[in-house]
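Per-entry structural report
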Amino acid sequence: MAAGSPPYMRINGEMIKLNYRNVSAETCRSLILEILNDTQREHFEQNWDLDLSYELKAVGRFRTNVFMQRNGIGATFRLIPEGIKTIKDLDLPEQLIDLIDVSEGLILLTGPTGAGKTTTLAALIHSINVAQQKHIITIEDPIEFVHENHKCLINQREVAGHTKSFSGALRAALREDPDIILVGEMRDLETISLAITAAETGHLVFATLHTNSAVKTVDRIIDVFPEAQQAQIRVMLAESLRGVVAQALLPRADHNGRVPVLEILVNVPAVANLIREGKTHQISSMMQTGRSHGMATFETSIHDLVQKGLISKEDGGSFLRRRSAGKQLAGGGNQGVRVTNSMTVN
């Protein structure tokens with residue numbers, strides 16, 4: 001919703017304009033400020049941007065961003081359903097269960113905004129919550145899915161509401177006796193460094209990044225650090241990383257929603273050795289032959305989803321062609337040509 005425009009809704013990835021009049025700046029401001037408390041209103045007036053969660057009973061929670069634009073105030077509301085879907089409900093691959101069945105290490109979920117990372121992460125935490133007896137601390141901005149205690153004790157903390165920053169909450173979490181720590185987003189060097197340290201010191205750490213492939217995720221983490229520290233970070237990451245899950249969403253074949261397509265990197269000893277030696281460009285080849293270890297490329301995942309009838313061959317091929325074009329623009333050579341051709345023989 002934004003001043004000077006009718007409201008829009010995003011349904012299954014598509015923007016739909018509602019049959020409604022333009023919302024005036026005064027009406028828009030009144031409606032949006034009505035849901036803010038005094039602290040949130042003061043923060044918005046000082047910074048002109050605000051993230052928050054808003055709950056509407058019997059409907060669900062909304063992840064909300066309030067912002068200023070040329071016609072006045074605007075806001076986006078992303079619906080977070082009240083119930084948490086399971087790994088099976090989301091049509092996620094079963095090898096994720098094996099990936100998270102560890103007591104320590106770093107597991108990263110990556111993908112662009114709106115790719116379903118939070119929903120997948122909630123399913124993974126829920127899977128642990130109903131099966132194991134652990135202490136889980138989540139650090140989120142804002143809290144989206146609300147986890148009830150089943151076998152686990154779960155403490156959920158919200159940046160700005162319960163803690164000043166991701167890094168501060170993560171530093172404190174190391175003294176709060178957790179078994180598992182969820183970091184909503186690794187935004188800066190300090191948070192990334194603390195997450196790796198937590199994984200090295202016997203905790204299982206889940207975190208998200210805005211990268212679109214497993215290999216890019218490894219490179220992004222290393223590149224955040226000053227060059228003089230990168231050799232040390234490669235060693236630490238090689239030891240602490242358990243896996244990377246890159247995710248995107250594609251339309252279901254029956255046009256009833258979307259289905260996640262995943263790329264999964266498992267940090268087996270051979271992968272750890274490539275990370276340690278700075279040869280991350282070779283990881284993609286290892287993923288193509290690592291299915292027995294639970295690995296999957298986007299190409300193999302799409303092939304499986306097409307075979308199951310969950311997505312159409314056309315949508316799968318279009319996704320791979322877009323990725324291929326992106327790789328070539330980024331200097332990926334003609335690797336994408338082989339990827340695209342792999343869809344034509346299915």
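The structure this text deals with has already been given above.
The structure presented is a predicted model; accordingly, all values stated were derived computationally and were not measured. (Residues numbered from 1 in each chain as written. Predicted model: local features only at pLDDT ≥ 70, side-chain atom pairs only at ≥ 80, totals over all residues. Heavy atoms only, no water.)

**As for the sheet that holds strand β7 (residues 135-140)**
Strand order in this open sheet of seven strands is β8-β7-β9-β10-β6-β11-β12, and the pairing throughout is mixed. Looking at strand neighbours, the two that pair on one side only are β8 (153-158) and β12 (258-266), the edges of this open sheet. When the angles between neighbouring strand axes are averaged without regard to direction, this sheet yields 15°. Note: β7 against β8, six bridges, orientation parallel. Considered in β8, the bridge of I139 is made with R157. (Pairing = 2+ DSSP bridges. Helix = DSSP H or I, 4+ residues; strand = E, 2+ residues; numbered from the N terminus. Axes fitted to C-alpha atoms, helices over the stretch in contact; angles between N-to-C directions.)

**Concerning helix α9 (residues 269-276)**
Listing the buried residues of α9 in full gives V271, A272, L274 and I275. Mapping the buried residues of α9 onto a view down its axis gives an arc of 160°, with all of them on the same face. Against α7 (214-224), α8 (227-240), β11 (241-251), β12 and α10 (283-288) lie the buried residues of α9. Positive phi shows up at G278, right after α9, with a value of about 75°. (Buried < 20%, exposed > 50% of the residue type's maximum accessible area, 1.4 Å probe, protein only. Arc of directions from axis to C-beta. Contact = heavy atoms within 4.5 Å.)

**With respect to the packing of α7 against α8**
Closest axis-to-axis distance for the α7/α8 pair is 9 Å, and the angle between their directions is 140°. In terms of axis orientation, α7 runs oblique to α8. Where α7 crosses over α8, the two elements pack in a sense that is right-handed. Side by side, α7 and α8 meet where V218, I221, I222 and D223 of the first sit next to Q230, I233, R234 and L237 of the second. For the contact of α7 with α8, a count of residues per class yields five nonpolar, one polar and two charged. (Parallel < 35°, antiparallel > 145°, perpendicular 65-115°, else oblique. Left-handed = near helix turned anticlockwise from the far one by under 90°. Nonpolar A, V, L, I, M, F, W, Y, C, P; charged D, E, K, R; others polar.)

**Some points on the environment of N37**
Relative to the helices and strands, N37 resides in the loop between α1 (25-34) and α2 (38-47). Residues N37 and A115, 78 residues apart in the sequence, show an inter-C-alpha distance of 30 Å. Here Q40 takes part through its backbone nitrogen, which lies 2.7 Å from a polar atom of the side chain of N37. (Polar contact = N/O pair within 3.5 Å; in protein donor to acceptor, adjacent residues only side chain to side chain.)

**Focus on the packing of aromatic side chains**
Counted under the stated rule, the structure contains two aromatic pairs. Arranged with centres 6.4 Å apart and planes meeting at 85°, the rings of F62 and F77 form a pair that is edge-to-face. Of this pair, F62 sits in strand β4 (residues 60-69) while F77 sits in strand β5 (residues 72-80), and the two are 15 residues apart along the sequence. Note on F62: relative accessible area 16%, which makes it buried. Given the relative accessible area of 36%, F77 is considered partly exposed. For the ring pair F298 and F319, a centre distance of 5.4 Å and an interplane angle of 75° mean the geometry is edge-to-face. Highlighted residues: F298 in helix α11 (residues 298-307) and F319 in helix α12 (residues 313-329), separated in sequence by 21 residues. (Phe/Tyr/Trp six-rings, centres within 6.5 Å; stacked < 30°, edge-to-face > 60°.)

**Here we look at the pairing of strand β6 (residues 105-110)**
Burial analysis of β6 places six of its six residues in the buried class, the great majority of the element. Pairing between β6 and strand β10 (residues 204-209): six bridges, direction parallel. Bridge pairing in β10 places T110 opposite L209.

**Focus: the sheet that holds β4**
The sheet built from three strands is open, its strands ordered β3-β4-β5 with antiparallel pairing. Two strands lie at the open edges of the sheet, namely β3 (49-56) and β5, each paired on one side alone. If you compare each strand with its neighbour and ignore which way they point, the axes differ by 25° on average. Note that β3 and β4 share eight bridges and pair antiparallel. Across the sheet, the residue bridging to S53 is R63, located in β4. Against the sheet, α1 contacts β4 and β5, and its axis sits at roughly 45° relative to β5. On top of the sheet, α2 reaches β3, β4 and β5; it is set at about 150° to β3, its chief contact.

**A short note on a nonpolar patch on the surface**
Together, M9, I11, I16, L18 and Y20 make up an exposed nonpolar region whose accessible area comes to about 440 Å². Position of I11 relative to the elements: it lies in strand β1 (residues 8-11). (Patch = residues over 30% accessible without salt bridge, like charges linked within 9 Å, V, L, I, M, F, W, Y side chains within 5 Å. Areas by Shrake-Rupley, 256 points an atom, 1.4 Å probe, with all protein chains shown as cover. Salt bridge = Lys/Arg side-chain N within 4 Å of Asp/Glu carboxyl O.)

**Points about the nonpolar core**
M186, F206, I221, L237, L265 and I275 are the most contacted members of the largest nonpolar core, which has 67 residues in total. The biggest single contributor to this core is helix α6 (residues 189-200), with six residues. Apart from the residues within four sequence positions on either side, I221 is in contact with L108, M186, I192, I196, L209 and L237. (Core = buried A, V, L, I, M, F, W, Y, C linked by side-chain atoms within 4.5 Å.)

**Some points on the side chain of T217**
Among the secondary structure elements, T217 is positioned in helix α7. Within the structure, the side chain of T217 is placed 2.8 Å from the backbone oxygen of S213, a separation counted as a polar contact.

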